[in-house]
Amino acid sequence: MIVYKYVSTAALRGIVESCRLGFTRPIDFNDPFDQPRVLRSAYPKGMNTLFDSYVTGEEMASRADATWGQCAVASFTRTYDNGLMWSHYADSHRGAVIEIDANVAGLTSRSLLIPVQFGSVIYMKRPNRDTYERRTKIAEIGDHRFDIENYELLQRLFLCKPISWAYEEEIRAVADIRLNFWNGRTTFDGLWKEIELADRTIFGLTLPKRSITRIFAGSRFSEMEWLKEQSKLFGFEIMAAVPAVETYDLSFNPVVDLPQ
């Protein structure tokens, strides 16, 4: 399975040079509506705790929201030639699009809470508020890995967005990082690393060699020599964007070093 990720030049450098792909907590998304939120119908009543304090259904649901908000999400798309995406997510065509073999990258692994092959985003006008007679409290189900029995509930939490975002054709992978960082900033197997950025914390998944198959450089991309060196090290192909003259389309030509 092939997926694409639009990035700025700085993000491209970070991914290629570290060989890690960043997952982000929902609280750091650019859309405040795009947050995990359990169905309130799953918590219809309050209850007394072991310490004889009363907790309302809304308080229990809010705690479940906070728990799922600790998971981390990586966003991808199905296409590399979307003009809006190039403008919004690739630094106004100064950045690039990374083509990733999801199988090699481990993004299809069922050790993820939602593997990318199950991560198609659903776009809707209003949130789906259907209720059911029987509803499991979602924060208590599963073993932090993908479980098809919980897929509908996971879709409601992580894969529903306002219809205004439909142009993105987004696909997501979701990781339950709560259990991965019990001892320091790197997991015992080195697969995940907690990375502090200036404005947020991300969680870097190690990318095996050959995970990146092609990189599409924007029409305003300015670091082609660096990118050529990286392509020699990691074996990916470079494609350069060329805006069409008579339409609003982008085409892409392979970049090949000429012999000296």
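Here, every reference points to the structure presented above.
Quick caveat: nothing in here was measured; it's all calculated off a predicted structure.

1. Examining helix α1 (residues 9-18)
- Three or more residues of α1 are buried, namely T9, L12, I15 and V16. All buried residues of α1 project into a common sector of 125 degrees when viewed along the axis, lining one side.
- Where α1 is buried, its residues contact β1 (2-7), β2 (20-24), β6 (96-101), β12 (212-217) and α6 (224-234).
- Note on α1: the residue one or two positions beyond its end, C19, has a positive phi of about 55 degrees.

2. Side note on the packing of α1 against α6
- Where α1 contacts α6, the axes come no closer than 11 Å and their chain directions differ by 25 degrees. Relative to α6, the element α1 lies roughly parallel. Like other packed secondary-structure pairs, α1 and α6 cross with a definite hand, here left-handed. For the pair formed by α1 and α6, the contact residues are L12, R13, V16 and E17 on the first element and W226, L227, Q230 and F234 on the second.

3. Here's the deal with the pattern of salt bridges
- Enumeration according to the criterion identifies 12 salt bridges in this entry.
- In this structure, the salt-bridge partner of E168 is K161, at a minimum N-O distance of 3.0 Å. Neither residue differs from the other here; E168 and K161 are each classed as buried.
- The partner of D199 in a salt bridge is R200, and the shortest N-O contact between them spans 3.2 Å.
- Taking the relative accessible area as the measure of exposure, D199 reaches 58% and is therefore exposed.
- The class for R200 is partly exposed, based on a relative accessible area of 28%.
- The network of salt bridges with common partners includes D34, K161, E168, E170 and R172.

4. Points about the packing of aromatic side chains
- By the definition in use, this model includes 12 aromatic pairs.
- The interplanar angle of 80 degrees and the centroid separation of 6.1 Å between the aromatic rings of W68 and F158 together place this pair among those described as edge-to-face. Within this pair, whereas W68 is found in helix α2 (residues 57-68), its partner F158 is found in helix α5 (residues 151-158), the two being separated by 90 residues in sequence.
- By relative accessible area, W68 is classed as buried at 3%.
- With a centroid separation of 5.2 Å and an interplanar angle of 85 degrees, the aromatic rings of F216 and F252 are classed as edge-to-face. In this pair, F216 is assigned in strand β12 and F252 in strand β14 (residues 250-254), connecting sequence segments 36 residues apart.
- A residue is classified by how much of its surface remains accessible, and F216, at 1% relative accessible area, is buried.
- Seen from the ring of F76, K5 lies directly overhead, with NZ or CZ sitting 5.4 Å from the centre.

5. Some details on the side chain of K5
- Its place among the elements puts K5 in strand β1.
- No salt bridge forms around the buried K5; measuring N to O, its nearest opposite-charge neighbour E170 is 7.7 Å away.
- K5 has contacts with L21, S75, F76, A96, V97 and I98, leaving out every residue within four places of it along the chain.

6. Things to note about unusual backbone geometry
- Phi at S92 takes a positive value of approximately 55 degrees, unusual for a residue other than glycine.
- As for its position among the elements, S92 is in the loop between α3 (83-89) and β6.
- In this structure, E169 takes a positive phi of about 50 degrees despite not being glycine.
- Within the secondary structure, E169 is located in the loop between β8 (160-162) and β9 (170-175).
- Overall, E169 belongs to the partly exposed group, its relative accessible area being 34%.

Cut-offs applied
Residues numbered from 1 in each chain as written. Predicted model: local features only at pLDDT ≥ 70, side-chain atom pairs only at ≥ 80, totals over all residues. Heavy atoms only, no water. Buried < 20%, exposed > 50% of the residue type's maximum accessible area, 1.4 Å probe, protein only. Helix = DSSP H or I, 4+ residues; strand = E, 2+ residues; numbered from the N terminus. Arc of directions from axis to C-beta. Contact = heavy atoms within 4.5 Å. Axes fitted to C-alpha atoms, helices over the stretch in contact; angles between N-to-C directions. Parallel < 35°, antiparallel > 145°, perpendicular 65-115°, else oblique. Left-handed = near helix turned anticlockwise from the far one by under 90°. Salt bridge = Lys/Arg side-chain N within 4 Å of Asp/Glu carboxyl O. Phe/Tyr/Trp six-rings, centres within 6.5 Å; stacked < 30°, edge-to-face > 60°. Lys NZ or Arg CZ within 6 Å of the ring centre and 35° of its normal. Lys, Arg positive; Asp, Glu negative; His and termini not counted.

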